[in-house]
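Given next are the chains, with one letter for each unit.
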Amino acid sequence: GTLPRPEREAQLNRAVRDAATGSIGELLTARALQEQFKEKAVNARALLGTAVELMPADPYVAHLHAVAGGPRVEGVRELKEVTTPFPDYAPAYRDLAVAYWRTGDRAAAVRSAATAMEKAPTNPTTHATYAQLAQWAGRFDEAVAHAQQATEIDPDYLNGIAVLASAHQI
């Protein structure tokens, strides 16, 4: 996300060329990411669906497929379907926390965010997500603490910095 758009597009094109030398599933995944960049979520989701069929043991691809269409009503169910075969895959719990929050299940959101932090305690995104939920719940001291932790893990993590600034501001 820090590269200028033309450079990101060039890197995605290179990634697709590189993936063409790998498996069909890898090529489909690279093409799906390229389609997402072009804001063609329907195409990306279709490509990822096939990639999941070709690579059923890959949690990353299953997770990408679950979130490819953006926030949707089906998001909770699809992300839970990722956590069942991949119980240690923290990014699915992180995104499941946000999906639960959007559906109004605040307790499940906090549990999922806590699980994500438990599974990946040194990943700044898990702490930033927990901080965001705490902020939405009006627990600003807790939000600041977790956002601060995210920025300590990775001082260049822009989302952690943004959540920290937002929690302080509010």
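For the structure, check the block above.
Residues numbered from 1 in each chain as written. Predicted model: local features only at pLDDT ≥ 70, side-chain atom pairs only at ≥ 80, totals over all residues. Heavy atoms only, no water.

Undergrad: What am I meant to see in the overall build of the protein chain here?
TA: In terms of regular secondary structure, the protein chain is built from 10 helices and zero strands. Counting from the amino terminus, helix and strand elements in the protein chain follow one another as α-α-α-α-α-α-α-α-α-α. Principal axes of the C-alpha set define a box for the protein chain whose edges measure 50 × 35 × 25 Å. Put simply, 42% of the contacts in the protein chain that link residues at least 6 apart link residues at least 24 apart. Per element, the accessible surface of the protein chain, about 9,200 Å² overall, is 55% carbon and sulfur. Measuring between centres, the 17 positive side-chain charges of the protein chain sit 6 Å from its 20 negative side-chain charges. (Helix = DSSP H or I, 4+ residues; strand = E, 2+ residues; numbered from the N terminus. Contact = heavy atoms within 4.5 Å. Areas by Shrake-Rupley, 256 points an atom, 1.4 Å probe, with all protein chains shown as cover. Lys, Arg positive; Asp, Glu negative; His and termini not counted. Charge placed at Lys NZ, Arg CZ, Asp CG, Glu CD.)

Undergrad: Sorry if this is basic, but what is going on with the packing of aromatic side chains here?
TA: Each aromatic ring pair is characterised by the separation of its centres together with the angle its planes make. In the structure shown here, the tally under the stated rule is one aromatic pair. Their ring planes at 45° and their centres at 5.8 Å tell us that Trp101 and Trp136 sit as a pair that is tilted. Within this pair, whereas Trp101 is found in helix 6 (residues 90-103), its partner Trp136 is found in helix 8 (residues 124-136), the two being separated by 35 residues in sequence. On the basis of relative accessible area, Trp136 is assigned to the partly exposed category, the value being 40%. The ring of Phe37 has Arg5 lying over it, and the distance from NZ or CZ to the ring centre is 4.3 Å. Across from the ring centre of Trp101, 4.2 Å away, lies the NZ or CZ of Arg106, which sits over that ring. (Phe/Tyr/Trp six-rings, centres within 6.5 Å; stacked < 30°, edge-to-face > 60°. Buried < 20%, exposed > 50% of the residue type's maximum accessible area, 1.4 Å probe, protein only. Lys NZ or Arg CZ within 6 Å of the ring centre and 35° of its normal.)

Undergrad: Got a minute to help me understand the side chain of Arg94 in this structure?
TA: With respect to the helices and strands, the residue Arg94 is situated in helix 6. If near-sequence neighbours (up to four positions away) are discounted, Arg94 is found in contact with His63, Ala116, Thr125, Thr126 and Thr129.

Undergrad: Whenever I open this one, the environment of Gln148 confuses me. Can you help?
TA: Within the element layout of this structure, Gln148 appears in helix 9 (residues 140-153). Take Gln148: its relative accessible area is 32%, and that puts it in the partly exposed class. The spatial distance from the C-alpha of Gln148 to the C-alpha of Glu7 is 31 Å, given a sequence separation of 141 residues.

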